[in-house]
Amino acid sequence: MKFPNELPIPKEVVEIARTLEQAGFETWCVGGAVRDNLLGHANRDFDLATAARPEQVQELFKRTIPIGVEHGTVAVLDRNRQPHEVTTFREDIATDGRHAVVEFGVSLDQDLARRDFTINAIAYHPLKHEWRDRYEGMADLDRGLVRAVGDPGQRFQEDFLRILRALRFAARFGFDIESATWEAAKAQAHGLPHLSAERVRDEWSRGLETARHPSWLVEQWAEVGALETWLPEVAAQGGGGVSGEAVARQVAGVSRWAAIDRLEPRDPVLVTSYLSADPGATLERLRCSNADIERGRRVGAHRGPTPDPESPVEVRRWMSACGAAVDDLVAIAKAEGRGARLAEAVRAIRASGAPLAVGDLAIDGNRLMELGVPKGPKVGETLRALLDRSLEDPNLNTEERLVELVRSAE
Ligand code: ATP
Ligand code: MG
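The model shown is predicted, which means the values in this text are computed figures rather than measured ones. (Residues numbered from 1 in each chain as written. Chains lettered and ligands numbered in written order. Predicted model: local features only at pLDDT ≥ 70, side-chain atom pairs only at ≥ 80, totals over all residues. Heavy atoms only, no water.)

## As for the overall build of the protein
The secondary structure content of the protein amounts to 22 helices and 11 strands. The globule rule puts the C-alpha radius of gyration for 410 residues at 22 Å, and the 28 Å found for the protein is more than 25% above it. Of all 410 residues assigned to the protein, the portion counted as buried reaches 51%. For the protein, the share of sequence-separated contacts (at least 6 apart) that also reach a separation of at least 24 residues comes to 64%. Side-chain charges in the protein split into 53 positive and 65 negative, and the spacing between the mean points of these groups amounts to 2 Å. (Helix = DSSP H or I, 4+ residues; strand = E, 2+ residues; numbered from the N terminus. Rg over C-alpha atoms; globule rule 2.2 N^0.38 Å. Buried < 20%, exposed > 50% of the residue type's maximum accessible area, 1.4 Å probe, protein only. Contact = heavy atoms within 4.5 Å. Lys, Arg positive; Asp, Glu negative; His and termini not counted. Charge placed at Lys NZ, Arg CZ, Asp CG, Glu CD.)

## Let's talk about the site of ligand 1
In the neighbourhood of ligand 1, 14 residues make up the surrounding shell, with R35, D159, R162, R168 and R206 lying closest. For ligand 1, an oxygen atom lies 2.7 Å from a polar atom in the side chain of R168. Taken by itself ligand 1 offers 580 Å² of open surface, and the protein chains cover 77% of this. Comparing atom positions with the cavity grids shows ligand 1 to sit within the largest pocket. It is helix 7 (residues 161–173) that contributes the most residues to the shell around ligand 1, 5 residues altogether. (Near = heavy atom within 4 Å. Polar contact = N/O pair within 3.5 Å; in protein donor to acceptor, adjacent residues only side chain to side chain. Areas by Shrake-Rupley, 256 points an atom, 1.4 Å probe, with all protein chains shown as cover. 1 Å grid on protein atoms, 1.4 Å probe; cavity = no way out; pocket = protein on both sides within 12 Å on 5 of 7 lines; lining within 4 Å. Sits in = over half its atoms within 2 Å of the grid points.)

## Here's the deal with the pairing of strand 1 (residues 27–30)
Each regular strand shows side chains that alternate between the opposite faces of the sheet. Burial along strand 1 is two-sided: the face carrying T27 and C29 and the face carrying W28 and V30 are both buried. Of the strand pairs in this sheet, strand 1 and strand 2 (residues 47–50) are connected by 4 bridges, and their pairing is antiparallel. Paired with W28 across the strands is A49, a residue of strand 2. Looking at chain direction, strand 1 and strand 8 (residues 123–124) are connected through 2 bridges and run antiparallel. Considered in strand 8, the bridge of C29 is made with Y124. (Pairing = 2+ DSSP bridges.)

## A closer look at the environment of W182
Along the chain, the position of W182 falls in helix 8 (residues 179–187). With 207 residues separating them along the chain, W182 and R389 place their C-alpha atoms 60 Å apart. In this view, W182 contacts L167, I177, Q220, E223 and V224; residues no more than four positions away in its chain are not counted.

## Overview of the packing of helix 9 (residues 197–210) against helix 14 (residues 268–275)
Remark: helix 9 packs on helix 14, axes separated minimally by 9 Å, with the N-to-C direction vectors making an angle of 100 degrees. With respect to helix 14, the element helix 9 is oriented roughly perpendicular. Only P268, V271, T272 and L275 of helix 14 make contact with helix 9, whose side of the interface consists of W204, S205, L208 and E209. (Axes fitted to C-alpha atoms, helices over the stretch in contact; angles between N-to-C directions. Parallel < 35°, antiparallel > 145°, perpendicular 65-115°, else oblique.)

This is the structure:
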């Protein structure tokens with residue numbers, strides 16, 4: 001493929017580049033948006049790389065946000081207050097596999113040399129419309145290859161996260177990983193435990209969200225050893241699944257994790273909860289939010305056989321027991337090809353307004369005490385008993401009939 005004459009750079013980005021160039025600082029577009037546009041994927045989020053130092057960028061523009069000044073990154077806000085990342089040409093002078101000490105005052109070519117993969121190291125000049133592709137990223141885009149810039153073993157040692165990034169880009173574009181890059185990734189996987197949980201989590205989540213086939217991504221994490229290191233409960237589960245059906249697929253030669261390709265929505269917390277033998281533990285290790293950990297725990301606690309969708313009573317009891325996990329469990333059942341009727345039944349029950357929790361009852365604890373139920377545990381017990389009856393027959397859920405039930409039980 002030949003380079004196009006021009007890339008559709010948003011005018012706000014061109015303006016920022018012009019300001020920098022007019023002040024004497026060479027400025028190029030580099031990175032994900034250049035790559036995506038060459039692949040024909042719309043992406044207007046162009047990052048700029050410039051010879052200006054962060055403080056010079058901050059001086060030149062009215063509104064900036066120092067998002068990572070020690071690494072050279074300043075966000076410049078356009079007139080609509082939209083941020084555009086501007087990063088100073090930099091070289092990594094010391095690395096420890098997770099952090100880099102950087103030095104400014106280098107050339108574009110040196111800046112391209114520190115980038116991870118050839119497809120991410122193509123530069124385009126937004127004013128002169130020139131291209132710089134010294135690592136043949138364009139040829140790799142054509143061939144569909146993720147290939148490290150420079151010596152792959154050394155590049156992964158500098159930053160082990162690049163191993164996971166390679167898998168993410170390959171999964172997203174359906175690319176192969178060039179063989180030396182892949183061999184080095186496996187050889188350097190011993191460094192994966194040293195990464196921070198947050199960076200690993202972000203790679204895992206973005207990977208699952210953007211992969212053509214998430215199951216393929218999970219296979220690659222397993223193959224390179226990242227699954228065993230960071231998500232051992234997924235590795236142990238060996239294919240996830242509630243029904244054991246996924247294991248049957250493995251025999252048929254389809255990915256053990258094939259069901260996740262059909263999970264809707266493609267939500268990383270849901271996917272992880274589905275795959276893990278202990279979702280709470282996995283999400284905790286990845287330092288997810290408490291809400292996400294809680295959500296995973298609920299899925300773990302309530303997965304198992306789903307009710308007969310033809311029995312509204314069974315479905316109501318199941319919904320009542322599973323609470324906030326219902327939608328996730330329905331999504332899982334659908335992904336496993338056994339949830340369409342269940343989803344329908346759940347929808348119908350919600351539309352009917354049938355009570356599913358004590359709080360949905362037409363009567364509350366105060367009313368029960370007025371009726372003579374003694375203050376204390378008896379109140380809760382009575383409410384649960386009333387809910388139980390109402391799950392059986394939602395028509396009981398009127399104040400009158402519930403009062404009647406309480407009186408008749410005295
Ligand atoms: P995405 O679509 O995921 O945003 P991206 O290529 O833009 O893909 P970013 O993480 O936004 O990825 O990084 C922007 C650019 O910075 C990359 O294209 C790459 O050139 C460089 N880069 C990012 N992370 C690394 C890294 N860990 N090692 C080397 N270069 C990196
Ligand atoms: Mg990006």
